[in-house]
Amino acid sequence: MLYAITSQFIDDCQQKRQQTRPAHLARLTALQDQGRLVLAGPHPAIDSEDPGPAGFSGSLIVVEFDSLQNAQAWADSDPYAGIYAQVTVKPFIQVFPK
């Protein structure tokens, strides 16, 4: 089943985010290589594709896991876990595109 993992970053986390980003991206690449990653990306803190110093406010990942518990465990062990103020993991049904 697909799961939507949404997160909100803590304030002033851009430096720590940059430090942990390679490990975070490596985990996403592994899911992509397994054919389980639908999409992933950050939410800019401002209405811009390049938010510059405003940075990012959180992220969205849509990924396939065999259970909600496994999706939650994956999210809980993310290298970004230290910069998350909140993480929500919910089942997701993709309607479009098919």
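Structure shown above.
Here is what the cut-offs are and how they apply
Residues numbered from 1 in each chain as written. Predicted model: local features only at pLDDT ≥ 70, side-chain atom pairs only at ≥ 80, totals over all residues. Heavy atoms only, no water. Helix = DSSP H or I, 4+ residues; strand = E, 2+ residues; numbered from the N terminus. Rg over C-alpha atoms; globule rule 2.2 N^0.38 Å. Buried < 20%, exposed > 50% of the residue type's maximum accessible area, 1.4 Å probe, protein only. Contact = heavy atoms within 4.5 Å. Areas by Shrake-Rupley, 256 points an atom, 1.4 Å probe, with all protein chains shown as cover. Lys, Arg positive; Asp, Glu negative; His and termini not counted. Charge placed at Lys NZ, Arg CZ, Asp CG, Glu CD. 1 Å grid on protein atoms, 1.4 Å probe; cavity = no way out; pocket = protein on both sides within 12 Å on 5 of 7 lines; lining within 4 Å. Points joined across faces, edges and corners; volume = space filled by probe spheres on them. Nonpolar A, V, L, I, M, F, W, Y, C, P; charged D, E, K, R; others polar.

Caption draft 1: Seen up close, the overall build of the protein chain. The helix and strand tally for the protein chain stands at two helices and four strands. Across the protein chain, helices and strands are ordered from the amino to the carboxyl terminus as β-α-β-β-α-β. Taking 98 residues into account, the globule formula puts the C-alpha radius of gyration at 13 Å, and the protein chain, at 13 Å, falls close to it. Each of the three principal axes of the protein chain carries a C-alpha extent, and together these read 35 × 25 × 25 Å. A total of 98 residues make up the protein chain; the buried ones form 31% of that total. Restricting to contacts in the protein chain with at least 6 residues of sequence separation, those with at least 24 account for 74%. Carbon and sulfur atoms make up 53% of the accessible area of the protein chain, which totals about 6100 Å². For the protein chain, the distance from the average position of its 7 positive side-chain charges to the average position of its 10 negative side-chain charges is 5 Å.

Caption draft 2: Focus on the layout of surface pockets. Quantified by volume, the largest pocket comes out at close to 170 Å³. Looking at the largest pocket, the residues that line it are Phe9, Arg17, Arg21, His24, Leu25, Leu28, Ala40, Gly41, Pro42, Ser59, Ile61 and Tyr80. For the lining of the largest pocket, the secondary-structure elements that each account for two or more residues are helix 1 (14–33), strand 2 (37–44) and strand 3 (56–64). A per-class count over the lining of the largest pocket returns seven nonpolar, three polar and two charged.

Remember that the coordinates give geometry; whether it matters functionally is a separate question.
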